[in-house]
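Tertiary structure, described
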Amino acid sequence: EVQLVESGGGLVQPGGSLRVSCAASGFIFGNYAMSWVRQAPGKGPEWVSGITDGGVSRSYADSVKGRFAISRDNANNMVYLQMNSLKPEDTAVYYCAKDLGNWYNYGMDYWGKGTLVTVSL
């Protein structure tokens, strides 16, 4: 059974940093790209970032480019999202998602339950 468990969310002030993590199990982690998707209150889901199976290629939404960094640890089945220079508009539930293939634009088939990130004074 595929399981994705996010952690690390919380309250942070504007301009601050936070790292969210995702522990994956139930599939051959190193064979699949992984993505982060967020959903702000009252809005639809927004793809944030993706990383290929081996971690060589990464991509970001324009809204987070230059501020966020995705990474993965295939030995420990973990994927991370380092978020810097956070803005109030980054407030959202952040979901880890398993991609359908080894590239991050094939679509996603499993999501975790999410972790809430709140950026506020």
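Residues numbered from 1 in each chain as written. Predicted model: local features only at pLDDT ≥ 70, side-chain atom pairs only at ≥ 80, totals over all residues. Heavy atoms only, no water.

1. Looking at the nonpolar core
If you look at the biggest cluster of nonpolar residues, it comprises 28 residues, and the most contacted ones within it are W36, V79, L81, M83 and Y94. When contributions to this core are tallied by element, the ones reaching two or more residues are β3 (18–25), β4 (34–39), β5 (45–51), β7 (68–73), β8 (78–83), β9 (92–99) and β11 (115–119). Ranked by residues supplied to this core, first place goes to β3 with four residues. Residues in contact with V79, not counting those within four places in the same chain, are V20, S21, C22, F29, M34, W36, I51, I70, S71, R72 and C96. (Core = buried A, V, L, I, M, F, W, Y, C linked by side-chain atoms within 4.5 Å. Buried < 20%, exposed > 50% of the residue type's maximum accessible area, 1.4 Å probe, protein only. Helix = DSSP H or I, 4+ residues; strand = E, 2+ residues; numbered from the N terminus. Contact = heavy atoms within 4.5 Å.)

2. Details of the sheet that holds strand β1 (residues 3–7)
Taken together, the four strands give an open sheet; going across it, the order is β1-β3-β8-β7, and neighbouring strands pair in antiparallel fashion. Each end of this open sheet is capped by a strand with a single partner; those strands are β1 and β7. Ignoring which end each strand starts from, the neighbouring axes of this sheet average 15° apart. With five bridges joining them, β1 and β3 adopt antiparallel strand pairing. Bridging from a neighbouring strand, L4 pairs with A24 of β3. (Pairing = 2+ DSSP bridges. Axes fitted to C-alpha atoms, helices over the stretch in contact; angles between N-to-C directions.)

Read these as geometric descriptors, not functional statements.
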